[in-house]
Amino acid sequence: MKKLKNGGISELLAKLLIQRNIRTKVDAELFLKPQLKNIESPFRFVWMQKSVERIVKAITGKEKIAVYGDYDADGITATALLVKFFRAIDVQADWYIPNRLSEGYGLNSNQIKKISSDGITLIITVDNGISSIEPIELANKLGIDVIITDHHTKPDKMPSAYSIVHPDYAADKEEFPPSGAGVAFNLIIALRSYMRSIGFSNLPNLKQYIDIAALGTIADIVPLVGTNRIIVKYGLEQAAQKNSSKAISAMLNSKKNRGEISTKDIGFIVAPRINAAGRMGAAEVAMKLFLSENDNEICQYSKELNALNTKRQKLQSEILNETEEKISKLGNTKIIVAWGNWHKGIVGIVAGRIAEKYARPAIVISTSDKIATGSGRSIRNVNLFELISKTGHMLKHFGGHPQAVGLSIEKSKLDKFTYKINEAADSIAIDQTGQILYDDEIDFNQINNEFYSIIDTMKPFGNANPEPLFCSKNIVIEERRIVGNGHWKMRVSQDGRIFPAIYFNAENNKEEIGRHADILWKIKKNRWAGYENLELCIEGMRNVKNSY
Ligand SMILES: [Mn+2]
């Protein structure tokens, strides 16, 4: 591979970076060598200083503090970060997480009354609060100051909080906004730094919490670029260390000794278990897991999460089947809206599956309560929050992000809502072609250890930094056998170069494949009994005449 004149970065790497919108040499350096010292200052949030001063006043004045979180993995990790930090400095902060099924998202007046009767005078929200206008007014009346830390899209009317820490209120526009846990991590960085500056000692090293911040960051699917990338890179490293969060270790159990922990391990093994707790109305199980230091308890809570996750999976597949049935009768609407007497905690995850499968935004609504509640998931380039806002007058509540929204609505308005949101969508183009884009076409003679090490430097992969996908044309299938549940284990060649390859769920491939094929693949390095080899993980296969 030829080297570029300046920077010494290979052409392939340069191409991959440009495809990920990393265009300058400085950005490339930051991307390829993420360092803790490059985490942006938490004081870039305009009310950060005001917030940490208020928290320290509460600490020194022995006021009672409550952390008010959210029931998803981002919200739970954000809550855990703050409470763990307070415990480490001997401040007994209470925590509250609303019940997803009986209370729903955000602050609510009943909780505020309870918090007030517990004698609390300072609430710090994490991963929620920006749209809780009335409960915050109530808190003010009851003599409670509320510090909001949140990252959700802010509504037109601002809550009358004591202060707000939010990426929309930062010195510069946040190019890659953090998750709720990321904002909470910023808060404890700022708090620690302020406390140190005014003479507090014995403050904990925050590096021990970075795996929890990374978990929230991965679970919330924020872009893994800039500070988010640094948190995830060091968080994954921390998760593999001896002093990692016991909660994360317990959920990964056997994985841990294998050395490297990837965003996939966190995104597909850990995050769903924590989310399951919230979905099934038992977020406190996950919180207790994060806060416990007792190995027996940790094992017990981790088992409980496994059981909740299994239950969630079963419910999910039931709802998915029913939704698909309804969709088949709906016809070709731009925005899929489906509702039924479904479990409230699962509708968001089903909406995600539907959106992905049909390449259209999907809103799935549970009518199991008096007021229907639903979740929407979008596809690339469609701002679902904006579309929902256009129908806001029909909804009781709504909030979220361009890619994911939550809403509640009276059941009698569902048909009209479906019509109206599709009308709003008429003005936008939705790309339904489902065309697969790959990063580059590669000849087998380019695949070697140097090639692999280039891909390796781009880890961790995730949102805004997808794992590179390559295409190779006219390869020969030298050998193929079926393993497990319809997977193909193969040896594939091109111009005499042979590689082992694995194609998961190959039996679902739409075409009958002969000896020659075009393939889409990702690269993987296997390490086994002192051996190393490169393997192609096949993501798609077509006959040569129907090429990609
Ligand atoms: Mn969040």
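Residues numbered from 1 in each chain as written. Predicted model: local features only at pLDDT ≥ 70, side-chain atom pairs only at ≥ 80, totals over all residues.

Novice: Teacher, can you tell me more about the sheet that holds strand β1 (residues 64-68) here?
Specialist: Adjacent strands of a sheet pair through backbone hydrogen bonds, lying either parallel or antiparallel. Strand order in the open sheet made by the five strands is β2-β1-β3-β4-β5, with parallel pairing throughout. Edge strands, defined here as strands with exactly one partner in the open sheet, are β2 (94-96) and β5 (163-165). Looking at each pair of strands side by side, their axes are set apart by 20 degrees on average, direction ignored. Sitting on the sheet, helix α3 (residues 48-60) is in contact with β1, β3 (120-126), β4 (145-149) and β5, with an inclination near 115 degrees to β5. (Pairing = 2+ DSSP bridges. Helix = DSSP H or I, 4+ residues; strand = E, 2+ residues; numbered from the N terminus. Axes fitted to C-alpha atoms, helices over the stretch in contact; angles between N-to-C directions. Contact = placed C-beta atoms within 7 Å.)

Novice: Would you mind going over the nonpolar core with me for this structure?
Specialist: If you look at soluble globular proteins, the nonpolar side chains tend to sit buried side by side. One finds Leu 81 and Leu 82 to be the most contacted residues of the largest nonpolar core, which totals 91 residues. When near neighbours in sequence (up to four residues on either side) are disregarded, Leu 81 contacts Ala 181, Ala 184, Phe 185, Ile 188, Tyr 209, Ile 212 and Ala 213. (Core = buried A, V, L, I, M, F, W, Y, C linked by C-beta atoms within 7 Å. Buried ≥ 20, exposed ≤ 12 C-beta atoms within 10 Å, placed from the backbone.)

Novice: Just to check I follow, could you spell out the sheet that holds strand β10 (residues 404-410) for this structure?
Specialist: Taken together, five strands build an open sheet; the order of strands is β6-β7-β8-β10-β9 and the sheet is mixed. The strands lining the two open edges of the sheet, one partner per strand, are β6 (336-340) and β9 (397-400). Within this sheet the neighbouring strands show an average axis-to-axis angle of 15 degrees, counted without direction. Relative to strand β7 (residues 362-366), β6 runs parallel, the two being bridged by five bridges. In the sheet register, Ala 338 faces β7, and the bridge partner there is Val 364. Contacting β6, β7, β8 (371-377) and β10, helix α16 (residues 414-425) runs over the sheet at an angle of about 165 degrees to β6.

Novice: Help me out: how do you make sense of the packing of helix α11 (residues 263-279) against helix α12 (residues 283-291) in this one?
Specialist: The description of two packed helices rests on the angle between their axes and on the distance between the axes. Axis separation between α11 and α12 bottoms out at 6 Å; the angle between their running directions is 135 degrees. Classified by the interaxial angle, the pair formed by α11 and α12 is oblique. Between α11, through Ile 274, Ala 277 and Gly 278, and α12, the contact on the second element is made entirely by Ala 283, Val 285 and Ala 286. Residues belonging to the contact of α11 with α12 are distributed by class as follows: five nonpolar, one polar and no charged. (Parallel < 35°, antiparallel > 145°, perpendicular 65-115°, else oblique. Nonpolar A, V, L, I, M, F, W, Y, C, P; charged D, E, K, R; others polar.)

Novice: Before we go on, may I ask you to explain the pairing of β8 in this structure?
Specialist: Along any regular strand, the residues point their side chains to alternate faces of the sheet. Of all seven residues making up β8, six are buried, and the element is well covered by its neighbours. Pairing analysis gives five bridges linking β7 to β8, with the strands arranged antiparallel. Note on β8: the bridge partner recorded for Val 364 is Ser 375. As consecutive antiparallel partners, β7 and β8 are separated by four residues. Alignment of β8 against β10, held across seven bridges, turns out to be antiparallel. Residue Ala 372 lies in a different strand from β10, and its bridge partner there is Ile 409.

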